[in-house]
Amino acid sequence: MKNKTQYFQALSANRGRKNEIDLGEQIGLDEQETQAILALLLSENKIKYEGKGVCNYSLMKTVKK
């Protein structure tokens, strides 16, 4: 899914400065599509919900072996 990859990259570059819905609108997504992408990223453990700050989601830290 191209939009998911594009949104994930935008979320990574955002660093919590813009809320998740506005970030989606910035790259041309509507609110429903943004929510669907957030649900996918959560289920893949690529992001986590924090509920603090401007953006409620942040990237999951990867563990290197």
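Up top is the structure these notes are about.
Residues numbered from 1 in each chain as written. Predicted model: local features only at pLDDT ≥ 70, side-chain atom pairs only at ≥ 80, totals over all residues. Heavy atoms only, no water.

Draft legend 1. Inspection of the side chain of threonine 34 at higher detail. Its place among the elements puts threonine 34 in helix 3 (residues 31-43). Residues within four places of threonine 34 in sequence aside, it is in contact with Tyr7, Glu20, Ile21, Gly24 and Leu29. (Helix = DSSP H or I, 4+ residues; strand = E, 2+ residues; numbered from the N terminus. Contact = heavy atoms within 4.5 Å.)

Draft legend 2. Just the pattern of salt bridges, in detail. This model, assessed by the stated rule, comprises three salt bridges. Here glutamate 44 and lysine 4 are joined by a salt bridge, their closest N and O atoms 2.7 Å apart. With a gap of 40 residues between them, glutamate 44 in the loop between helix 3 and strand 1 (47-49) and lysine 4 in helix 1 (residues 2-14) connect regions that are remote in the sequence. The closest approach of N and O atoms between glutamate 50 and lysine 48, which form a salt bridge, is 3.7 Å. In this structure glutamate 50 comes out as partly exposed when scored by relative accessible area, which is 34%. A residue is classified by how much of its surface remains accessible, and lysine 48, at 33% relative accessible area, is partly exposed. Overlapping salt bridges bring together Lys4, Glu44 and Lys46 as one network. (Salt bridge = Lys/Arg side-chain N within 4 Å of Asp/Glu carboxyl O. Buried < 20%, exposed > 50% of the residue type's maximum accessible area, 1.4 Å probe, protein only.)

Draft legend 3. Inspection of helix 3 at higher detail. Its 13 residues place the ends of helix 3 18 Å apart at the C-alpha level, agreeing with the 18 Å of an ideal helix rising 1.5 Å per residue. Among the residues making up helix 3, those that are buried are Thr34, Ile37, Leu38 and Leu41. The buried residues of helix 3 all sit within an arc of 105° when viewed along its axis, so they share a single face. In helix 3, the exposed positions that point more than 90 degrees away from the buried face belong to Gln32 and Ser43. Looking at the buried side of helix 3, the elements it contacts are helix 1, helix 2 (20-26), strand 1 and strand 2 (57-59). (Expected span 1.5 Å × (residues − 1). Arc of directions from axis to C-beta.)

Geometry only, nothing functional implied.
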